[in-house]
Amino acid sequence: MLINKPILANTKYIYIVITALFLSCITSFKLQAQKNPWKEMEEIIKKIPTTKFPDKNFNINEYGAISDGVTDNTLAFKKAIEACVASGGGKVVVPNGKYFTGAIHLDNNVNLFLDDNAEILFSTNPKDYPIVHTSFEGTEMMNYSPFIYAYKKTNVAVTGKGTLNGQSSTKNWWTWAGKGYGWEKGMPSQNDALNRPALVEMGEIGTPVAERVFGEGYYIRPNFLEFFECNTVLVKDVKIIDVPSWVIHPMKSRDVIVDGVTIISHGPNNDGCDPEYSQNVIIRNCTFNTGDDCIAIKSGRDGDGRRVGIPSKNIIVQNCKMIDGHGGVVMGSEISAGVSNVFVENCIMDSPNLDRAIRIKTNSKRGGLTENVYVRNIEVGTVAESVLRVTMFYDIYGSQVGDFIPAIRNINLENIKVKNGGKFGILADGYEQSPIENITFTNVRIDKVEKPYSLKHVKNLKFNNTYINGVKMKSIK
């Protein structure tokens, strides 16, 4: 039988191509298996630019500020910032003393610097905060200005070891939450039908943000320190106390560093740091003692989050201490645009008033994809509920059931020690059609916990050298 040589040659060529493709796939799979997320984290850190300012000082006292804790210094802050910008940037210095003010609006190349014994006391009068483009709990709006606000700015900072005092209490801002915190039946609140519920509905139906005008008479609390569509941001060393709502809020921002900050604020929705629609964020060397989540990574609520569509990613938490709070490091619940690449290492979490160490919370109104969460070298003294809490059925504010089934996958905890684990080591509930996938515990030890885990629709739970209540755990497919 004669074999056509061109056909034989073609056959050999096809065989070589198929073999090459097969080997390429094998190599790719091996590389994927060898992928080291912590090296990825290091590469992310290297690429994040840092703030740089000219060596020029603009002392607010030279612009009329008086440090008696009573005189309104809003205009003095404004003049000092304007002079700083006109000169090409530098440091706006708040010297030792107590300075009362309304909203402070930062600008390009401005470092608001507080001397060690400087304290900024913020007004509790809502009229001292003009209406600006901001957000509340994941929905964009026009509302009272955050107390310190930067809008579409580059190279901006708040630094120094002084104190930022929001002066919020059960006698002013906190009552607006409409439950506890000094609120009594008959008092106005954010939960009245024309207030927060109306805002959420506007976000859902796509009302233009410019038409979502709230402010006076609507009782929706402003955030405290907000960087809105900013890049190259630094918050360093300051102490922040008693704020109306979210404390530090990078919103649609990139390249943000929060370093050495101490937050003590136990009011409603007093999350410590909430990166939202933000990327390349480092939170390190901070202490959180809060009335809500210590760190909560966000990406918008429901329809408004899907409209914006910017996932939060490359969020790095290092060397932090979490005391009181609903969760140590949390993703959600405003998470509709998704969250990915979260790295948490070398933290201490310890308080009977800390509910969970790591938490992911979403629901089928939020939707979104949460993936690639890496946690290592964490010491947990006491948590009340669980070490890891993952839910697709978060239900605050009534029914939260919709048509946007979330996805959650790739959660890795490594080298974790827990002395008092609360009720569950792992508490996780997903959807049957969208199970929570790929939870891995490696070198984890959890003591004094009521139950090792409670699982609903969880796929591929791996335990590597992990002990709960002294019992070595077996993986579950």
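Everything quoted here is computed from the prediction, not taken from an experiment.

**Observations concerning the side chain of E345**
Turning to its location among the elements, E345 is positioned in strand β25 (residues 339-349). Of the residues examined, E345 reaches a relative accessible area of 6% and is grouped as buried. Residue contacts for E345: discarding those within four places in its chain leaves W38, M41, V317, Q318, N319, R376, N377 and I378.

**Quick word on the pairing of strand β10 (residues 148-151)**
Pairing between strand β5 (residues 104-105) and β10: two bridges, direction parallel. Bridge pairing links H105 to Y149 in β10. Relative to strand β13 (residues 225-228), β10 is paired through four bridges, and the arrangement is parallel. In the sheet register, A150 faces β13, and the bridge partner there is F227.

**What about the sheet that holds strand β28 (residues 386-391)?**
Strands sit in the order β21-β24-β26-β28-β30-β32 across an open sheet of six strands; the sheet is parallel. At either margin of the open sheet sits one strand with a lone partner, and together these are β21 (295-297) and β32 (449-456). Put simply, the sheet's adjacent strands are angled 15 degrees from each other on average, direction ignored.

**Things to note about the pairing of strand β31 (residues 436-446)**
Strand direction decides the pairing type here: strand β29 (residues 407-420) and β31, joined by eight bridges, are parallel. Across the sheet, I416 pairs through a bridge with V444, a residue of β31. Across two bridges, β31 lies against strand β34 (residues 467-468) in parallel orientation. Residue pairing for β34: I446 is matched across the bridge by I468.

**Side note on the nonpolar core**
In this structure, L106 and I240 are the most contacted members of the largest nonpolar core, which totals 98 residues. Setting aside anything within four residues of it in sequence, one finds I240 in contact with L164, F224, L225, V247, I248, V261, T262, I263 and I264. Residues I44, A157, F343 and Y374 belong to the second largest nonpolar core, which totals eleven residues.

**Quick word on the confidence of the model for the chain**
Taken as a whole, the chain shows an average pLDDT of 94; of its residues, 93% reach a score of 70 or greater. Within the model, pLDDT remains below 50 along residues 5-9, and this stretch shows one contact once partners closer than five positions in the same chain are excluded. This stretch, residues 14-33, has a pLDDT under 50; its non-local contacts, to residues over four places away or in other chains, come to zero contacts.

**Considering the pattern of salt bridges**
Should the charged atoms of two oppositely charged side chains come close, the side chains can pair. The tally for this structure, following the rule as stated, stands at 27 salt bridges. A salt bridge links R366 to D302; the nearest nitrogen and oxygen atoms lie 2.9 Å apart. With a gap of 64 residues between them, R366 in the loop between β26 (354-361) and β27 (369-382) and D302 in helix α5 (residues 302-308) connect regions that are remote in the sequence. Accessibility assignment for this pair places R366 and D302 in one class, buried. R409 is the salt-bridge partner of E371, the closest N and O atoms lying 2.9 Å from each other. Of this pair, E371 sits in strand β27 while R409 sits in strand β29, placing them 38 residues apart in sequence. Salt bridges linked by common partners bring E137, D271, K298, R301 and E334 together as one network.

**Brief notes about the packing of aromatic side chains**
Enumeration according to the criterion identifies 20 aromatic pairs in this entry. Taken together, a centroid distance of 5.0 Å and an interplanar angle of 70 degrees make the contact between F214 and Y218 edge-to-face. Residue F214 is classed as buried on the basis of its relative accessible area, which comes to 6%. Pairwise contacts between aromatic rings join F122, Y129, Y144, F147, W173, W176, Y219 and F224 into one cluster. Of note, R306 hangs over the ring of F404, and the distance from its end group to the ring centre comes to 3.5 Å. The ring of W38 has R376 sitting right over it, with the charged end atom 4.0 Å from the ring centre.

**Comments concerning the environment of I241**
Among the secondary structure elements, I241 is positioned in strand β15 (residues 239-241). The spatial distance from the C-alpha of I241 to the C-alpha of Q167 is 7.6 Å, given a sequence separation of 74 residues. Discounting chain neighbours no more than four positions away, the residues touching I241 are T163, L164, N165, G166, Q167, I264 and S265.

**As for the sheet that holds β10**
In spatial order, the strands read β5-β10-β13-β16; together these four strands make up an open sheet with parallel pairing. Lying at the two open borders of the sheet, with one neighbouring strand each, are β5 and β16 (248-251).

**Concerning the side chain of K298**
With respect to the helices and strands, K298 occurs in the loop between β21 and α5. For K298, a relative accessible area of 3% translates into the label buried. At 2.9 Å, the side chain of K298 and the backbone oxygen of G332 are in polar contact. Among residues more than four places away in sequence, those in contact with K298 are W246, D271, D274, P275, E276, Y277, S312, G332, S333 and E334.

What counts, and where the lines are drawn
- Residues numbered from 1 in each chain as written.
- Predicted model: local features only at pLDDT ≥ 70, side-chain atom pairs only at ≥ 80, totals over all residues.
- Heavy atoms only, no water.
- Helix = DSSP H or I, 4+ residues; strand = E, 2+ residues; numbered from the N terminus.
- Buried < 20%, exposed > 50% of the residue type's maximum accessible area, 1.4 Å probe, protein only.
- Contact = heavy atoms within 4.5 Å.
- Pairing = 2+ DSSP bridges.
- Axes fitted to C-alpha atoms, helices over the stretch in contact; angles between N-to-C directions.
- Core = buried A, V, L, I, M, F, W, Y, C linked by side-chain atoms within 4.5 Å.
- pLDDT = per-residue confidence, 0-100.
- Salt bridge = Lys/Arg side-chain N within 4 Å of Asp/Glu carboxyl O.
- Phe/Tyr/Trp six-rings, centres within 6.5 Å; stacked < 30°, edge-to-face > 60°.
- Lys NZ or Arg CZ within 6 Å of the ring centre and 35° of its normal.
- Polar contact = N/O pair within 3.5 Å; in protein donor to acceptor, adjacent residues only side chain to side chain.

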